[in-house]
Amino acid sequence: DTLAYRDLKQLISKGEFDLVHAHSTKAGALTRIAASRSDIPSVFTVHGWGFYNTEYSLLRSLVIHGERYLEQQTDEIVCVSHNDHHQGQHHGILSAETGTVIHNGISPLEISESRNTLYEKFGIDQDTLIIGAIGRLAPQKNPLAILETSKKLQNRGHKIATVLIGSGPLQEECQQYINDNKIENTHLPGFMPDALELLPDFDIFLLPSRFEGFPLTVLECMHAGVPLVAHDVGGVAEAINHTKTGFVVSPDASEEMFVNHVEELIESPNQRHEMAQRATKVATEQFTQDRMISDYQDIYQEIL
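Reading the values: the criteria
- Throughout this document, residue positions are counted from 1 along each chain, in the order its sequence is written.
- Side-chain atom pairs in this predicted model are given and counted only at pLDDT of 80 or more, local residue features only at pLDDT of at least 70, and totals for whole chains, interfaces and linings cover all residues.
- Side-chain calculation: all heavy atoms of the structure are included, whereas hydrogens and water are not.
- Secondary structure is summarised from DSSP: a helix means a run of H or I of at least four residues, a strand means a run of E of at least two, and numbering begins at the N terminus for each.
- As a reference, a globule follows 2.2 Å times the number of residues to the power 0.38, and the radius of gyration itself is taken over C-alpha atoms.
- A 1.4 Å probe rolled over the protein chains alone gives each residue an accessible area, and that area as a share of the maximum for its type sets the label: buried under 20%, exposed over 50%, partly exposed in between.
- Geometry of aromatic contacts follows a simple scheme: Phe, Tyr and Trp rings, the Trp one being its six-membered ring, pair when their centres are within 6.5 Å, and the pair is stacked under 30 degrees between planes, edge-to-face over 60, tilted otherwise.
- Directions pointing from the helix axis toward each C-beta atom define the arc.
- What makes two residues a contact is simply this: any of their non-hydrogen atoms within 4.5 Å.
- Whether two strands pair comes down to DSSP finding at least two bridges between them.
- Interaxial angles span 0 to 180 degrees and are taken between N-to-C directions of axes, which are lines fitted to C-alpha atoms, for helices over the stretch in contact.
- Between the first and last residue of a helix there are one fewer steps than residues, each counted as 1.5 Å, and that sum is the expected span.
- For the purposes of these results, a polar contact is taken to be a pair of N or O atoms within 3.5 Å, where, inside protein, one atom must be able to donate a hydrogen and its partner to accept one; residues adjacent in sequence count only when each atom of the pair is a side-chain atom.

A. Main features of the overall build of the protein. In terms of helices and strands, the protein carries 13 helices and 10 strands. Here the C-alpha radius of gyration of the protein, 21 Å, is about what a compact globule of 304 residues would show, namely 19 Å. Principal axes of the C-alpha set define a box for the protein whose edges measure 65 × 40 × 35 Å. Expressed as a percentage of its 304 residues, the buried residues of the protein come to 49%.

What follows is the structure, given as structure tokens:
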């Protein structure tokens, strides 16, 4: 980290930059300090505060105090959700006058018509519904909750396939869970470079995350017309309109509630279709890359 700071300081000092924009907790800290000591204005985007991370609970207080100090070295802090902005105020990092909210946006998805589908890649019958997710198999994303949901749905007699695309520290544990519980038609292919092209093949996307900022995965699903069942963490509920464009479930609710919402969508093709249409409309109107870029340009111009 010390060497990274040294290199960043040299880069910023010699680069004739007008402004530096930083992301991520550790990189954001090093970059903002380097920019401040080079007399270059900086912007920091909060994609979920570092103290959300349940794996670093012992460092929570240190991260909060660090962010309070860093706020004084930063010309503008942008939160990707109102939840992040509220949490920043609650923990004394932001005041009522500081910080702004710019929701993430993405460019339209480009899906090749000649692509291989999930059905073709994994030999899934066309009349079988596909549930699952694309993401890291890590504690934050809670992939075991997806497998637990799949097991319960199969025990209730539903004909489904489960696909979890991604790699991570829980990959072996997930495979062991599948083997131990004999969950049928379940696929863990690991990392796939063409994963985004496979997104439209999901009938229902599951996101039982333990914490989030404003996940791009939600926006990708909305643009692709894939209904979601997700935990109400971070800014998820700012993107998904509960019962209209998906289901948002409190992480403190019973596991049965999450499973029941997935089952409701499995049993109602019309509801899935209507949710998908509404989600796509909202995504193309509100969560676009062009809107996000315009909002950031306004911030840059105000600082400069």
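Picking up after the structure, the text goes on.
B. Molecular detail of the packing of aromatic side chains. Per the counting criterion, the structure on display carries 5 aromatic pairs. Ring centres of Tyr296 and Tyr300 lie 6.4 Å apart, and the angle between their planes is 40 degrees; this geometry places the pair in the tilted category. Placement of both Tyr296 and Tyr300 in helix α13 (residues 289-303) is noted, with a separation of 4 residues, approximately one turn of the helix. The exposure class of Tyr296 is buried, given its relative accessible area of 9%. Counting every residue linked through ring pairs, the aromatic cluster contains Trp49, Phe51 and Tyr52.

C. Examining helix α7 (residues 171-181) more closely. Buried within α7 we find Cys174, Tyr177 and Ile178. For α7, the buried positions fall inside an angular range of 100 degrees around the axis, keeping them on one side. Turned more than 90 degrees away from the buried face of α7 sit Glu172 and Asp180, all of them exposed. Residues of α7 that are buried make contact with α6 (143-155) and β7 (186-190). Lys182 occupies a position one or two residues after α7 and carries a positive phi of about 50 degrees.

D. Highlighting the sheet that holds strand β4 (residues 100-101). One open sheet accounts for 4 strands, arranged β1-β2-β3-β4; its pairing is parallel. On the outer flanks of this sheet lie β1 (20-23) and β4, each paired with one strand and no other. Here β1 pairs with strand β2 (residues 42-46) via 4 bridges, running parallel. Paired with His21 across the strands is Val43, a residue of β2. Across the face of the sheet, helix α2 (residues 25-37) comes into contact with β1, β2 and β3 (76-79) while running at roughly 155 degrees to β1.

E. View of helix α3 (residues 60-71). Look at α3: 17 Å from first C-alpha to last across 12 residues, which is about the 16 Å you get at 1.5 Å a residue. Elements in contact with the buried residues of α3: α2, β2 and β3.

F. Fine view of the sheet that holds strand β5 (residues 129-134). With respect to topology, 6 strands assemble into an open sheet ordered β7-β6-β5-β8-β9-β10, the strand pairing being parallel. Among the strands making up the open sheet, the edge pair consists of β7 and β10 (246-249). On average, each strand axis in the sheet is inclined to that of its neighbour by 20 degrees, with strand direction left out of account. Here strand β9 (residues 228-231) runs beside β10; their pairing, made up of 4 bridges, is parallel. Residue His231 lies in a different strand from β10, and its bridge partner there is Val249.

G. Just the environment of Thr245, in detail. Mapped onto the elements of the fold, Thr245 is located in the loop between α10 (236-239) and β10. Here the alpha-carbon distance between Thr245 and Gly88, two residues 157 residues apart in the chain, equals 28 Å. Apart from the residues lying within four places of it in its own chain, the contact partners of Thr245 are Leu228, Ala239, Ile240, Met275, Arg278, Ala279 and Val282. Here the side chain of Thr245 touches Asn241 through a polar contact of 2.8 Å, landing on its backbone nitrogen.

H. Inspection of the environment of Trp49 at higher detail. Inspection of the secondary structure assignment puts Trp49 in the loop between β2 and α3. Given a relative accessible area of 2%, Trp49 falls into the buried group. Put simply, Trp49 and Gly213 are 164 residues apart on the chain and 7.6 Å apart in space, counted from C-alpha to C-alpha. Those residues within four positions of Trp49 in sequence are excluded, and the remaining contacts are Glu67, Ile77, Cys79, Asp84, Gln87, Gly88, Ile93 and Leu94. For Trp49, the side chain forms a polar contact with the main-chain oxygen of Asp84, separated by 2.7 Å.

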